[in-house]
Amino acid sequence: MDSKNNRQITKNKNFAQALGHAWDGFYLIFFRERNFRIHLVGMALVIVAGLLLRVDRRSWLWLLLACFLVLSAEIVNTLVEYLVDLVVGPHFDPTAKKIKDIAAGGVLFTAGTAVLIGVIVLLPCLLAKLSF
Ligand SMILES: Nc1ncnc2c1ncn2[C@@H]1O[C@H](COP(=O)(O)OP(=O)(O)OP(=O)(O)O)[C@@H](O)[C@H]1O
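Residues numbered from 1 in each chain as written. Predicted model: local features only at pLDDT ≥ 70, side-chain atom pairs only at ≥ 80, totals over all residues. Heavy atoms only, no water.

### Here we look at the nonpolar core
Side chains of a nonpolar character, in soluble globular proteins, are inclined to be buried together. Leu53, Val55, Leu63, Ala66, Val70, Ala114, Ile117, Val121 and Leu122 form the largest nonpolar core, which has nine residues in total. For this core, the leading source of residues is helix H4 (residues 94-130), giving four residues. Apart from the residues within four sequence positions on either side, Leu53 is in contact with Leu122, Cys125, Leu126 and Lys129. In this structure, Ile29, Phe36, Met43 and Leu71 belong to the second largest nonpolar core, which totals five residues. (Core = buried A, V, L, I, M, F, W, Y, C linked by side-chain atoms within 4.5 Å. Buried < 20%, exposed > 50% of the residue type's maximum accessible area, 1.4 Å probe, protein only. Helix = DSSP H or I, 4+ residues; strand = E, 2+ residues; numbered from the N terminus. Contact = heavy atoms within 4.5 Å.)

Rendered as structure tokens:
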């Protein structure tokens, strides 16, 4: 499965080869991207809160959607960082700065929206639990 050491630039020959490259990408995101792991910890906390507060099915959909939106935004942000580094290299470039900062701002915006969704969904459940 590991395709890190080959220098293939042609199309994948079969599904197994494509899966191997997808696994490399998965590994890079999960084990090399600190911010992605931080978001995963946040997602784990949301899941624990949802289980403890016994939220209903519709609330789970909102919470999971919010979490996966943040993870997706972080993946796009990582892609943008790699693309900018590929094009610009190790040089300061004002446009590269704008592009990277906008991508990071997009993650912040999505994370803020996710927190809002979390509060809207979890706060009433928490208050209801505390009042008993
Ligand atoms: N080539 C460049 N030219 C100008 N500014 C840059 C360049 N590369 C990075 N920067 C600035 O440095 C910041 C951090 O860079 P970069 O996003 O590569 O690091 P990071 O630690 O991986 O970021 P993140 O925490 O968002 O994952 C960027 O948001 C941008 O402001």
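### Points about the packing of helix H3 (residues 57-88) against H4
Between H3 and H4, the shortest axis-to-axis distance is 9 Å and the interhelical angle comes to 170°. On the basis of their axis angle, the class for H3 and H4 is roughly antiparallel. Residues that form the contact of H3 with H4 fall into these classes: 19 nonpolar, four polar and four charged. (Axes fitted to C-alpha atoms, helices over the stretch in contact; angles between N-to-C directions. Parallel < 35°, antiparallel > 145°, perpendicular 65-115°, else oblique. Nonpolar A, V, L, I, M, F, W, Y, C, P; charged D, E, K, R; others polar.)

### Here's the deal with the pattern of salt bridges
Applying the stated criterion to the full structure yields two salt bridges. In this structure, the salt-bridge partner of Lys100 is Asp85, at a minimum N-O distance of 2.7 Å. Of this pair, Lys100 sits in helix H4 while Asp85 sits in helix H3, and the two are 15 residues apart along the sequence. A salt bridge links Lys97 to Asp101; the nearest nitrogen and oxygen atoms lie 2.7 Å apart. Separated by four residues within a single helix, Lys97 and Asp101 lie in helix H4, roughly one turn from each other. Note on Asp101: relative accessible area 41%, which makes it partly exposed. (Salt bridge = Lys/Arg side-chain N within 4 Å of Asp/Glu carboxyl O.)

### Overview of H3
Side chains three or four residues apart in an α-helix point the same way, a direct result of the helix having 3.6 residues per turn. Helix length check: H3 (32 residues) gives 46 Å between terminal C-alpha atoms against 46 Å at 1.5 Å per residue, within 8%. When we look at burial in H3, the residues that qualify are Ser59, Leu63, Ala66, Cys67, Val70, Leu71, Ala73, Glu74, Asn77, Thr78 and Val84. Gly89 lies just past H3 and shows a positive phi near 75°. (Expected span 1.5 Å × (residues − 1).)

### Some details on the site of the ligand
All residues adjacent to the ligand are Asn35, Asn77, Glu81, Val88, His91, Phe92, Asp93, Ala96, Lys97, Lys100 and Asp101. Taking His91, its main chain carries an N or O atom lying 2.8 Å from a nitrogen atom of the ligand. The contact in question runs from an oxygen atom of the ligand to an N or O atom on the side chain of Lys97, over 3.2 Å. At the level of elements, H3 and H4 are the ones that each hand at least two residues to the shell around the ligand. At four residues, the largest contribution of residues to the shell around the ligand is made by H4. Partitioning the shell around the ligand into residue classes produces three nonpolar, three polar and five charged. (Near = heavy atom within 4 Å. Polar contact = N/O pair within 3.5 Å; in protein donor to acceptor, adjacent residues only side chain to side chain.)

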